[in-house]
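Structural features, examined
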Amino acid sequence: MEIYIYDKTFEGFLSVVFYAFETKTTPFKIMQRGINQSMLFSKEIQIVTELEKSERVWNGLLKKINKKNADMIYRVFLSELPDVELLLLNYIQLVFSYKRSVFGDFGNPIVAEVHDIHKRVSREAEHTLMFVRFKKTADNIYFAPFEPKYNVLPISIKHFKDRFADQKWVIYDTIREYGYYYNLFDVQEIRFVDSNISRSGDIDKSILNTEELVFQDLWKNYFKSVSIKERSNKRLQMHNMPKRFWKHLTEMQ
Amino acid sequence: MNVEVFDKLNILANSAKYDVSCASSGTKRSNTGNGIGNAAAWGICHSFTEDGRCVSLLKVMLTNYCIYDCAYCTSRRSNDIPRATFSVNELVNLTIGFYRRNYIEGLFLSSGVIRNPDYTMEQLVGVAKELRTQHRYNGYIHLKAIPGASNEQIKQAGLYADRLSVNMEIPTEPNLKMLAPEKDHQSIISPMGIIGAGIIENKYERKINIKAPKFTPAGQSTQLIIGATNDTDKSILDLSANLYTGQNLKRVYYSGYLPINTKDTRLPAIKEPPLKRENRLYQADWLFRFYHFSMEEIVSDSHPNLDLEIDPKLGYALRNPWLFPIDVNKADYEMILRIPGVGVKSAQKIIMARTYRRLNFQHLKKMGVVLKRAKYFISCNELPTPTINELKPENVRKILLEPTPKKLKVAGDGYMQLSLW
Ligand code: SF4
């Protein structure tokens, strides 16, 4: 029983796929390097990330399926669900074994599973667009801590870059402890040195812009006044706006 | 921002909240480069109120002073309520301040009528113009078109707004006359016509010149109040069908009447807004727009009102048992859409998936079909189960009657309508 070990990057995963095709093997498990979980009776194979190989796999995919469908593989990868790598390897094996695109074969359990995870990841990326709340700091950077269930910031930031092109902003994933900073020109990946901010996203009131709290109050005020009490339906509210987001939602404080 | 703005926001958001339209979808406006904002084509909800409705836009009135006296409205002149008026500056600051913090998709501005309709419209246009030209704001703007405003002002509005709406409010003319003596359907239909013509003209213009400015790119919508009058669901839905096909409206919103002006004897004495009925109307509206149903198939003279206990699609199936069971491996898309428990997305999946293999119940379930409902109406690659024909419609109805009232209800907008069947 073979276990492939890789570096948890998408390119790394595509290198895994390359190796599997090259050796015509399918591993028993695909695992991240550094995670201490030795398995009895299994053989670990270290896969080195090689951009050239990952690119060859990607281009090969694009010959069999369209760009949107190929992107779906990336988005499903971002779910970081247990054993999602193995599922995707199986899916890619299907892609290359079919004469036509596998996309519509919802009756195949592997295809169905990939669609299902894709739906969940896309929903979470949408949640980012919906529930990110910026706080303006004294040095005019709009800061938003966020806790997405899946690792969706990489596929969400384009929206923010387009929309908020004339303001500096940071969106920070406090679960995975990294984020993106837009400096009016381009977007850079960042990590906070201060581990407290990195984990909580809490910043001190003293570094907020003077008008920030006024806007927060205005917004809370507005939010309260638009509810129609005759129609109260908290279950529907919770269904549409899951509790796990409330921590960073200005209006729910 | 001074203290006064807090009070104004309270007053003017409060009077605007009964307007249900929260949709900010239908436009794709890209950032012009160095400005702020863009409008996403699908519309984004940014929050949900305690009653579960989507908050997408900063929805306020410019002023709640009004020279009219419509029976169903909080802002009518005979009501003794706190009144306020925003300055252009205050509105611009609020909109942009909220927008930059990702609280909202944009602004939805309506107004009471001050001085006269044309003057009022001019004030609304002024705000939109200021946002677009002075602040290079590319976010979403929805303006209320005021019945009775001049063609010129309506056309101006269309140049700055993504969407315009003229609210019909009361579905039939005699009832409108009774409740809003200063209004008539003609003064509502007429701006709709101007907007509609403007949109068509603009499409043509943009074909020739791609750089021509867009006119109301997200189209127009209207709202009908439900349950304030004795109008039947049939007269309401017939009107909607007319507005969709005749006036090219993008959305018709249905708003269950909230007993606001309880002392007015022209209005029915009800304790709760008719939410169930409102929900059924939205479902019927969806059947018409996305499920290829005609209104006659949903309501007719023999059953002019929707069944409150079951959704209109199930109602249709129970009235037409001879159409079933439908073979999901063979039937065409239109028929598959008519199966209770199958939504637009599952229907599309079925059409695709069956070209790879014959589908059975297990496959359908994976594709999001609600088998609990659908199984009485389909046949597939499997042992036959008792269908509507063996069980008889009245028994299927009994089995499928929604047992618990605790089920999630759709409030106002059709936000989760797609998953309802
Ligand atoms: S014109 Fe509009 S704001 Fe004035 S009373 Fe009638 S519905 Fe209310």
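All of these numbers come straight from a predicted model, not from anything done at the bench.

So, on to the overall build of chain B. Scanning chain B for helices and strands turns up 16 helices and ten strands. Taken against the 2.2 N^0.38 rule, which gives 22 Å for 421 residues, the C-alpha radius of gyration of chain B at 23 Å falls within 12% of a compact globule. In terms of overall dimensions, chain B has a C-alpha envelope of 70 × 55 × 40 Å along the principal axes. In chain B, which comprises 421 residues, the proportion classed as buried is 59%. Contacts spanning at least 24 positions in sequence make up 67% of the contacts within chain B whose residues lie at least 6 apart. Surface accessibility of chain B: about 17300 Å² in total, with carbon and sulfur atoms responsible for 54%. In chain B, 55 side chains carry a positive charge and 41 a negative one; their mean positions are 7 Å apart.

A few words now on the overall build of chain A. If you tally the helices and strands in chain A, you get nine helices and eight strands. Principal-axis analysis of the C-alpha atoms gives chain A an extent of 60 × 45 × 40 Å. Taken across its 253 residues, chain A has 52% of its residues classed as buried. Taking the contacts inside chain A whose residues are at least 6 apart along the sequence as the reference set, 65% of them involve residues at least 24 apart. Accessible area for chain A stands at about 12300 Å²; split by element, carbon and sulfur atoms hold 53% of it. Side-chain charges in chain A split into 38 positive and 33 negative, and the spacing between the mean points of these groups amounts to 6 Å.

With that settled, the discussion passes to the sheet that holds strand 2 (residues 29-32) of chain A. Residue and element names in this part refer to chain A. Pairing within the open sheet is parallel, and its three strands lie in the order 2-1-3. Looking at the sheet topology across the chains shown, the edges are occupied by strand 2 and strand 3 (43-46). Here the strands of the sheet are splayed against their neighbours by 30° on average, with no regard to which way each runs. Of the strand pairs in this sheet, strand 1 (residues 2-6) and strand 2 are connected by four bridges, and their pairing is parallel. Looking across to strand 2, one finds that isoleucine 5 is bridged to methionine 31.

Turning our attention to helix 3 (residues 67-77) of chain A. Residue and element names in this part refer to chain A. Inspection of helix 3 places Asn69, Ala70, Met72, Ile73, Val76 and Phe77 among the buried residues, and these make up the whole buried set. Looking down the long axis of helix 3, one finds its buried residues gathered within 145° of arc, a one-sided arrangement. Packed against the buried residues of helix 3 are strand 1, helix 1 (10-23), helix 2 (51-64), helix 4 (84-97) and helix 5 (109-131).

Here the focus is a nonpolar patch on the surface. Taken together, the side chains of Met1, Phe28 and Phe41 of chain A present a nonpolar region at the surface, about 400 Å² in accessible area. Of note, methionine 1 of chain A is situated in the segment before strand 1.

Let's shift gears to unusual backbone geometry. A cis amide bond links phenylalanine 324 of chain B with the next residue in sequence, proline 325 of chain B, at an omega value of -5°. Within the element layout of this structure, proline 325 of chain B appears in the loop between helix 10 (312-319) and strand 9 (326-327). Here the phi dihedral of glutamate 80 of chain A falls at roughly 55°; this positive angle occurs in a residue that is not glycine. Along the chain, glutamate 80 of chain A falls in the loop between helix 3 and helix 4. On the accessibility criterion, glutamate 80 of chain A (34% relative accessible area) is partly exposed. Although it is not a glycine, asparagine 102 of chain B sits at a positive phi angle of roughly 65°. Structurally, asparagine 102 of chain B can be placed in the loop between helix 2 (88-100) and strand 4 (106-110). The exposure class of asparagine 102 of chain B is buried, given its relative accessible area of 0%.

Judged by nonpolar contacts, the single largest core of 151 residues is most densely connected at Trp169 and Tyr222 of chain A together with Val60, Phe98 and Phe377 of chain B. Sequence-distant contacts of phenylalanine 98 of chain B, defined by excluding residues within four places in its chain, comprise Phe215, Leu218, Trp219 and Tyr222 of chain A together with Leu9, Leu58, Tyr103 and Ile104 of chain B. The next biggest cluster of nonpolar side chains, apart from the first, holds 39 residues, and it includes Tyr6, Leu87, Val95 and Ile117 of chain A.

We now examine the side chain of serine 15 of chain A. All names here are of chain A. Residue placement: serine 15 occurs in helix 1. A relative accessible area of 2% means that serine 15 is categorised as buried. Beyond its immediate sequence surroundings of up to four residues, serine 15 is in contact with Ile47, Val48, Thr49, Glu50 and Ser54.

Turning our attention to the interface of chain B and chain A. Frequently, the measure chosen for interface size is the accessible area that the parts lose on association. On the side of chain A, 58 residues touch chain B, which itself brings 67 residues to the contact. When the two sides are added together, the surface that chain B and chain A hide from each other amounts to roughly 5600 Å², 56% of it contributed by carbon and sulfur. Joining chain B to chain A, the criterion identifies five salt bridges. We note a salt bridge from arginine 357 of chain B to aspartate 105 of chain A, for which the minimum N-O separation is 2.7 Å. Across the chain B-chain A interface, the total number found is 27 residue pairs in polar contact (both at pLDDT 80 or more). Elements supplying a minimum of two residues to the side of chain B that touches chain A: helix 1 (3-16), strand 1 (47-48), strand 3 (57-61), helix 2, helix 8 (275-290), helix 12 (344-353) and helix 13 (361-366) of chain B. Split into classes, the residues belonging to the side of chain B that touches chain A amount to 34 nonpolar, 18 polar and 15 charged.

About the thresholds
Residues numbered from 1 in each chain as written. Chains lettered and ligands numbered in written order. Predicted model: local features only at pLDDT ≥ 70, side-chain atom pairs only at ≥ 80, totals over all residues. Heavy atoms only, no water. Helix = DSSP H or I, 4+ residues; strand = E, 2+ residues; numbered from the N terminus. Rg over C-alpha atoms; globule rule 2.2 N^0.38 Å. Buried < 20%, exposed > 50% of the residue type's maximum accessible area, 1.4 Å probe, protein only. Contact = heavy atoms within 4.5 Å. Areas by Shrake-Rupley, 256 points an atom, 1.4 Å probe, with all protein chains shown as cover. Lys, Arg positive; Asp, Glu negative; His and termini not counted. Charge placed at Lys NZ, Arg CZ, Asp CG, Glu CD. Pairing = 2+ DSSP bridges. Axes fitted to C-alpha atoms, helices over the stretch in contact; angles between N-to-C directions. Arc of directions from axis to C-beta. Patch = residues over 30% accessible without salt bridge, like charges linked within 9 Å, V, L, I, M, F, W, Y side chains within 5 Å. Salt bridge = Lys/Arg side-chain N within 4 Å of Asp/Glu carboxyl O. Core = buried A, V, L, I, M, F, W, Y, C linked by side-chain atoms within 4.5 Å. Buried area = accessible area lost by both parts, 1.4 Å probe. Polar contact = N/O pair within 3.5 Å; in protein donor to acceptor, adjacent residues only side chain to side chain. Nonpolar A, V, L, I, M, F, W, Y, C, P; charged D, E, K, R; others polar.

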